[in-house]
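Chain residues, written in single-letter form:
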Amino acid sequence: MPGVNRLLNFSRHKAIALSCGLAVIAISATVLAGWLTGSRALTAVMPGLIPMAPNTAIAFALLGTALCVLGGGRSWSRAVVRACVLLTLAMIVPRMVEYVLGTDFNVDSWVIEVPHEELSGTPVGRMAFFTALCFLFASIVFFALSLPARHRTVEALAGVASVTLTSIAVIFFFGYLIGSPLFSVGPTIPMALNTSFSFLLLGAGLISSMFDKRLLSFLPAELDAKMLRMHRMITAGFGLAFSTVLVVTILAYENSVRFAENSELVSHSYQLLAESGGLVATLKDAETGARGFVLSGNPDFLEPYEVARGRIGEQLLALKHLEKHHPHQQKRIDELAPFIEMRIRSATELMDVFGLNGPTAAQKLVASEEWKTAMDSIETFVSDLQEEERIFLELRLLQHESGLSRSITFFSLLTILVIILFTALYLVIERGLTERQRSEVALREAAREIEDLYHNAPCGYHSLDASGTFVQINATELSWLGWSREEVVGKMRFLDFLSVAGTELFKQSFPKFLENGSIKDLEFEMKRRDGSTFWVLLSATALIDDRGNFVRSRSTMFDITDKRRALEELHLQTNLYDTLLKTQSNLGEGVIMTETDRIIFVNEAFCRITGYPEVEIMALGSIFELIPAQRRDAAREQVTDFLRGETVDTRREMLIVHKTGRLVDLEIASEVIRAGGPPRLIAIVRDITARKNAERATRTLNASLKRKGEELELANKELETFSYTVSHDLRSPLRHIGGFVELLQKHAGHTIDEKGNRYLGIITTAAKHMGDLIDDLLVFSRMGRADLMNTRVDLTSLAQDVIQGLEPDTQGRKIQWKLGSLPEVLGDPSMLRMVFVNLISNALKYTRPRPVAVIELDSRKEENGDWVVWVKDNGVGFDMNYVHKLFGVFQRLHSSDEFEGTGIGLATVQRIMLRHGGRVWVEGKLGEGAIVYCAFPHPEEKIP
Amino acid sequence: MNDLKRILLVEDSVRDVELTLAALDEHNLANEVIVARNGAEALDYLFHRSEFADRPRGNPALILLDIKMPKVDGLELLRQIKSDENFKLIPVVMLTSSREERDLIESYRLGVNAYVVKPVDFDKFVKAVSGLGLFWAVINETPPGSVRKRD
């Protein structure tokens, strides 16, 4: 949970630890400097206070360094910490041994020589027992913190140790603050003020470091910031309460020890008083005994004297022993001893005097001044001694009393403090518990929510252990697989659900996953219970415990069967599309796709058509680059309209510029594809340059044909004018010739001789022939120009009609008509009549030499649907060598003398047949007759 | 013979005029023939203009028209005659060398009364012209206002 991590604010804890470490180093450096320079002021906080021992300062320097580097968390920093701890232990352990064994290795002077001094009865420069104990605790904590991975117990131990050492420091520090009740008492040397302060700093730094990471590592991650704050408050509160209770306990102990000491002192004083009184009494007894003996001479009196003499030494010794802690009093006792000695000796002297010199001398001696003075001075001594002891006693009693009342106040205050602390703690814990309960409810709800989400999410979730066996699986995934939870969890492996290919992939990826801690987007084919398969997309992360061991996987998978199917479909379509494009390309049809006008695809054929390699076409960018510059705007407009859907002409022709610069005609079929994004234009193009060129050629040809036609029409007009002129102007002179010859004959016929009349006759005939020629020519010409009617014409009846019309010419001749059935054709009746007139006239004309003329008219239908009509005669025929001359105007195969005629008839027939879309040809043999064939085209394809 | 009706012959060719007159003369029809040498002269005659200013009143009973003439040709003259209220009732006969269809059609379209092609053969010519003269000048009843010559 990154949120909680942020709340813990690691850097602040590190900063606290670092500051504490640096402060500790600064203090220890100051103290060491004081010891090395002999400046006692630097070693203690103020004069009169006990200084920090040099070894203590060195240990602080080491542990302060350790505290500074502790936050580093790297292997070298751990090494530094351990080295500092080991060095510290090297000084602490021997000192502890000293304390335990009660011996003295002079450990404190191992590094810096410590002077043999005392301050108020305390030896200076020696490490206190509690100091050593605190260092031991600190060492344990540092060592625990330097371990890379720790057990919870170790951490708890470290926590307790750090709180304890801080508490001890607090006790001593408090002691100084409340007027040093612990200063001079206690079983051992007291901790210096700067030492206790340094321990406070060290403890604060360690606790801060532990907050940094250690203590929190066993807190449930779900704890929110509030719980965390509460936890800290509880820890701090307990620490404080614990310290306070510890202070109270130690103070109570100290107090009772002091009380006992005081009581002992008081009783000692009483004993002393009694003892000293006893001594004086004993002396007096001895004195009295001696006197009594001297006065009475009775040896019985000597008995108390002897007793006193025996006891006095004993009593003096006892007194001296009692005052052994009071050198002053002892001195006094020592001073008293010679007097007592002398007194005892005086008594012995008295005995001796009595024995030698008699009682009088002895009495005299007893009564002497010297004797009296000795006794007096002893009494004075003892009374002085007693006086002083009495003052002592009084002082002690006073002291005892005030200490007692102060202790009561102090204990009361501390007890109240403890009560307050515990009450506060209770409240905090109570609130914490409520809070916790509430958050547990919330957590349970959240957990239920999460569980519901877990099971019913639209994706599969499961967890595998290191062997790949299911530890957890959600309902969705189970429903996919078709198995029940009981069958799967703990019993089946993920592998059991995989296809062959999936198995391979799993075998490869699972070890990697265990190593790297995550995999992403692997595709597996999975088997359902019924044997069908489906595809999933799987991602997983590994859950790792505190010691870095793999716990289980947390895998998510999505059913991507549909997606894969769609992909396959897409793949198929892409293939199809590619194949189509290729086929199209093979056909020579170019394909181009644009996004608006930007070219995004071209096929090979398109490249061929335009002459550009694909890369260059793509580099052109816009499709309009391919269009001739002067047509670009129009094309752009067209394409824009087309893309907008305003025009729908999907086929059009277009001109583009080939890479070589020549123009290429394209036929384009295009469509717009709209599928989101800018519209796409797909166009299939075909190079139609060849066709267009052909079209252009045709157009040119047509134009020239039209011109020719116009020229022809002009020529026809001219011909018409010519014909008109001929018909009007040529005939006039002929008429005049004929007319005036006639008039001449009428006028002067009788005067002209026969020969002259013959000549006039020839002139008339010639003029008439000329008139016929002109008339036939005019008909021929008219046949070519006259508009064609197009109606059904029954050729049989037409032929009969013509034969009938020619009857006057056949008078007196034997003619055998063979009229077959003739078809009905489409055509101009008057023109077709002219055809039959000409053909039948000719047949009649050329059969004239025959006694019986046989003229046959018949027809047949050709395979192609054409009708062929022929006129056959048994006339003079012709030589086929000259057949080509038959249809020429004025061309004749016979002289006018043999057969009259103008030589225009067949030409006219041919012209009429041609105008009907048919044709005419002749077959003949000289002397054996001729056949003229006329072919009429099949109705469907006739009449131009 | 009866009253001969006046005939207006419009012909540019003197020879044709002579031949025509000769043919008409065969049947004594030549006397009341007025010859105009072209369309313009014919109009002058009809409108009493220039040399015909003093001519007797009345319209001719028949107009014989050649087509091809200088100045105003036969078809143009026909058009003017047939579009004039005073003259449109006068029978007009085309007497021409042209067999051309377009002339034929155009003439009938303009309202010609008959169309005769001059035959090359003189006999036929005589027959045709005299026939015409007989029919139009003698047999046919002329519309009112035509001038008759009394013998």
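Residues numbered from 1 in each chain as written. Chains lettered and ligands numbered in written order. Predicted model: local features only at pLDDT ≥ 70, side-chain atom pairs only at ≥ 80, totals over all residues. Heavy atoms only, no water.

## Considerations on the overall build of chain A
A tally of regular secondary structure across chain A gives 24 helices and 19 strands. Here chain A has a C-alpha radius of gyration of 77 Å; the compact-globule value for 944 residues is 30 Å, and the former is much larger. Each principal axis of the C-alpha distribution contributes one length, and for chain A these read about 270 × 60 × 45 Å. Expressed as a percentage of its 944 residues, the buried residues of chain A come to 42%. (Helix = DSSP H or I, 4+ residues; strand = E, 2+ residues; numbered from the N terminus. Rg over C-alpha atoms; globule rule 2.2 N^0.38 Å. Buried < 20%, exposed > 50% of the residue type's maximum accessible area, 1.4 Å probe, protein only.)

## Comments concerning the sheet that holds strand β6 (residues 114–117) of chain B
Residue and element names in this part refer to chain B. In space, the five strands of this open sheet follow the order β3-β2-β4-β5-β6, with parallel pairing throughout. Every other strand in the sheet has two partners, leaving β3 (33–36) and β6 as the edge strands with one partner each. Across the sheet, the axes of successive neighbouring strands diverge by a mean angle of 20°, strand direction being ignored. Helix-sheet contacts for helix α5 (residues 122–139) involve β2 (7–10), β4 (62–65), β5 (92–96) and β6, and the interaxial angle to β5 is about 175°. (Pairing = 2+ DSSP bridges. Axes fitted to C-alpha atoms, helices over the stretch in contact; angles between N-to-C directions. Contact = heavy atoms within 4.5 Å.)

## Overview of the nonpolar core
Residues and elements named next belong to chain A. The biggest cluster of nonpolar side chains holds 50 residues, and the ones touching the most others in it are F135, F142, F199, L202 and L206. The set of elements that each furnish at least two residues to this core consists of α2 (10–37), α4 (54–70), α5 (75–101), α6 (129–145), α7 (152–177) and α8 (193–214). Among the elements that make up this core, the one with the highest residue count is α4 (10 residues). For L202, the residues in contact, after removing those within four places along its chain, are V24, F60, L63, G64, L67, A138 and F142. Counting 37 residues, the second-largest nonpolar core is a separate cluster that includes L795, F836, L906 and A930. (Core = buried A, V, L, I, M, F, W, Y, C linked by side-chain atoms within 4.5 Å.)

## Digging into the domain arrangement of chain A
When the domains of chain A are assigned, the result is domain 1 (14–218), domain 2 (266–416), domain 3 (457–559), domain 4 (582–687), domain 5 (691–786) and domain 6 (788–941). The C-alpha-based centres of domain 2 of chain A and domain 5 of chain A are spaced at 206 Å. (Domains from an automatic or database assignment.)

## Quick look at helix α23 (residues 829–846) of chain A
Over its 18 residues, α23 of chain A extends 26 Å from the first C-alpha to the last, a length consistent with the 26 Å expected when each residue adds 1.5 Å. Regarding α23 of chain A, the residues found buried are M831, L832, V835, F836, N838, L839, I840, N842, A843, L844, K845 and Y846 of chain A. (Expected span 1.5 Å × (residues − 1).)

## Details of the packing of aromatic side chains
Residues and elements named next belong to chain A. In the structure shown here, the tally under the stated rule is 22 aromatic pairs over all chains. Seen in terms of ring centroids, F494 and F524 are 5.7 Å apart; in terms of plane orientation they differ by 90°. Their pairing is edge-to-face. Placement of F494 in the loop between α14 (485–488) and α15 (500–516) and of F524 in strand β5 (residues 518–527) is noted, with a sequence separation of 30 residues between them. F494 gets classed as buried once you look at its relative accessible area, which sits at 2%. Taken together, a centroid distance of 6.1 Å and an interplanar angle of 85° make the contact between F513 and F550 edge-to-face. (Phe/Tyr/Trp six-rings, centres within 6.5 Å; stacked < 30°, edge-to-face > 60°.)

## Description of the interface of chain B and chain A
Tallying the contact residues gives 25 residues for chain B and 24 residues for chain A. Where chain B abuts chain A, roughly 2,200 Å² becomes buried across the two surfaces, and 54% of that area is made up of carbon and sulfur atoms. The largest per-residue losses of area from chain B upon contact with chain A belong to K68, E100 and V120 of chain B, which jointly make up 29% of the total buried on that side. When the shortest N-O distance is used, the salt bridge between D16 of chain B and R735 of chain A registers 3.0 Å. With five residues, helix α1 (residues 14–25) of chain B is the single largest residue contributor to the side of chain B that touches chain A. Looking at the side of chain B that touches chain A, its residues break down into eight nonpolar, four polar and 13 charged. (Buried area = accessible area lost by both parts, 1.4 Å probe. Salt bridge = Lys/Arg side-chain N within 4 Å of Asp/Glu carboxyl O. Nonpolar A, V, L, I, M, F, W, Y, C, P; charged D, E, K, R; others polar.)

## Topic: the sheet that holds strand β16 (residues 852–861) of chain A
Residue and element names in this part refer to chain A. The five strands lie next to each other as β14-β16-β17-β19-β18, forming an open sheet whose pairing is mixed. A strand with exactly one partner marks an edge of an open sheet, and here the two such strands are β14 (814–819) and β18 (919–925). Here the strands of the sheet are splayed against their neighbours by 15° on average, with no regard to which way each runs. Pairing of β14 with β16 involves six bridges; the strand directions are parallel. Each residue of the ladder has a partner; that of K818, found in β16, is E856. Strand contacts of helix α24 (residues 905–915): β18 and β19 (929–936), with the helix running at about 140° to β18, the strand carrying the most contacts.

## What to know about the packing of helix α10 (residues 302–322) of chain A against helix α11 (residues 327–366) of chain A
Residues and elements named next belong to chain A. Axis separation between α10 and α11 bottoms out at 11 Å; the angle between their running directions is 165°. Relative to α11, the element α10 is oriented roughly antiparallel. In the crossing of α10 with α11, the sense of the turn from one axis to the other is left-handed. Along the contact surface, α10 presents L302, Y305, R309, I312, L316, L319 and K320, while α11 presents Q330, I333, D334, A337, I340, I344, A347, T348 and M351. For the contact of α10 with α11, the per-class residue count stands at 11 nonpolar, two polar and three charged. (Parallel < 35°, antiparallel > 145°, perpendicular 65-115°, else oblique. Left-handed = near helix turned anticlockwise from the far one by under 90°.)

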